[in-house]
Amino acid sequence: VYQARANYWIQFTQILPQFEATANAARSRTSQSLNTSRFIDIPYQNFYQAGFDSLWEIDVFGKLRRGARAARDRWEATRDDAR
């Protein structure tokens, strides 16, 4: 029963959109021997980067919905058999 329910949730979550967020930060220090200008004294540099992605498969012909419905039916049948 637990396996059938887990399979249903796997099939159902394929219908939902997927999101991903990333963030990076880096700090670097320049060498004092490479600093040729006396007026610019910035030994540290900070770099920041952020990203966001989303993916959603449009279910035009109903393949994902039918797969989720079939998995739900298998879950219900398994649950009824266990009772």
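What counts, and at which threshold
Residues numbered from 1 in each chain as written. Predicted model: local features only at pLDDT ≥ 70, side-chain atom pairs only at ≥ 80, totals over all residues. Heavy atoms only, no water. Helix = DSSP H or I, 4+ residues; strand = E, 2+ residues; numbered from the N terminus. Expected span 1.5 Å × (residues − 1). Buried < 20%, exposed > 50% of the residue type's maximum accessible area, 1.4 Å probe, protein only. Arc of directions from axis to C-beta. Contact = heavy atoms within 4.5 Å. Salt bridge = Lys/Arg side-chain N within 4 Å of Asp/Glu carboxyl O.

1. Examining helix 2 (residues 63-82)
Because an α-helix completes one turn every 3.6 residues, residues spaced three or four positions apart along the sequence face the same direction.
Then step 1. For helix 2, which comprises 20 residues, the first-to-last C-alpha distance of 29 Å matches the rise-based estimate of 28 Å (1.5 Å per residue) to within 8%.
Then step 2. Those residues of helix 2 that sit buried are L64, A68, A71 and W75. For helix 2, the buried positions fall inside an angular range of 60° around the axis, keeping them on one side. When the buried face of helix 2 is taken as reference, the exposed residues oriented beyond 90 degrees from it are K63, R66 and D81.
Then step 3. Contact partners of the buried residues in helix 2: helix 1 (2-13).

2. Some remarks on the environment of L64
Then step 1. Tracing the backbone through its elements, the reader meets L64 in helix 2.
Then step 2. Taking relative accessible area as the criterion, L64 reaches 9% and is therefore assigned buried.
Then step 3. Separated by 50 residues in the primary sequence, L64 and Q14 place their C-alpha atoms 6.9 Å from one another.
Then step 4. Once residues within four sequence positions are removed from consideration, L64 is found in contact with Q14, I15, E57 and D59.

3. Here we look at the pattern of salt bridges
Then step 1. Per the stated rule, a full pass over the model turns up three salt bridges.
Then step 2. The partner of D73 in a salt bridge is R69, with the nearest N and O atoms 3.6 Å apart. Remark: R69 and D73 occur in helix 2; sequence separation between them is four residues, near one turn of the helix.
Then step 3. We note a salt bridge from R72 to E76, for which the minimum N-O separation is 3.2 Å. Of the two residues, R72 and E76 both sit in helix 2, four residues apart, roughly one turn of that helix.

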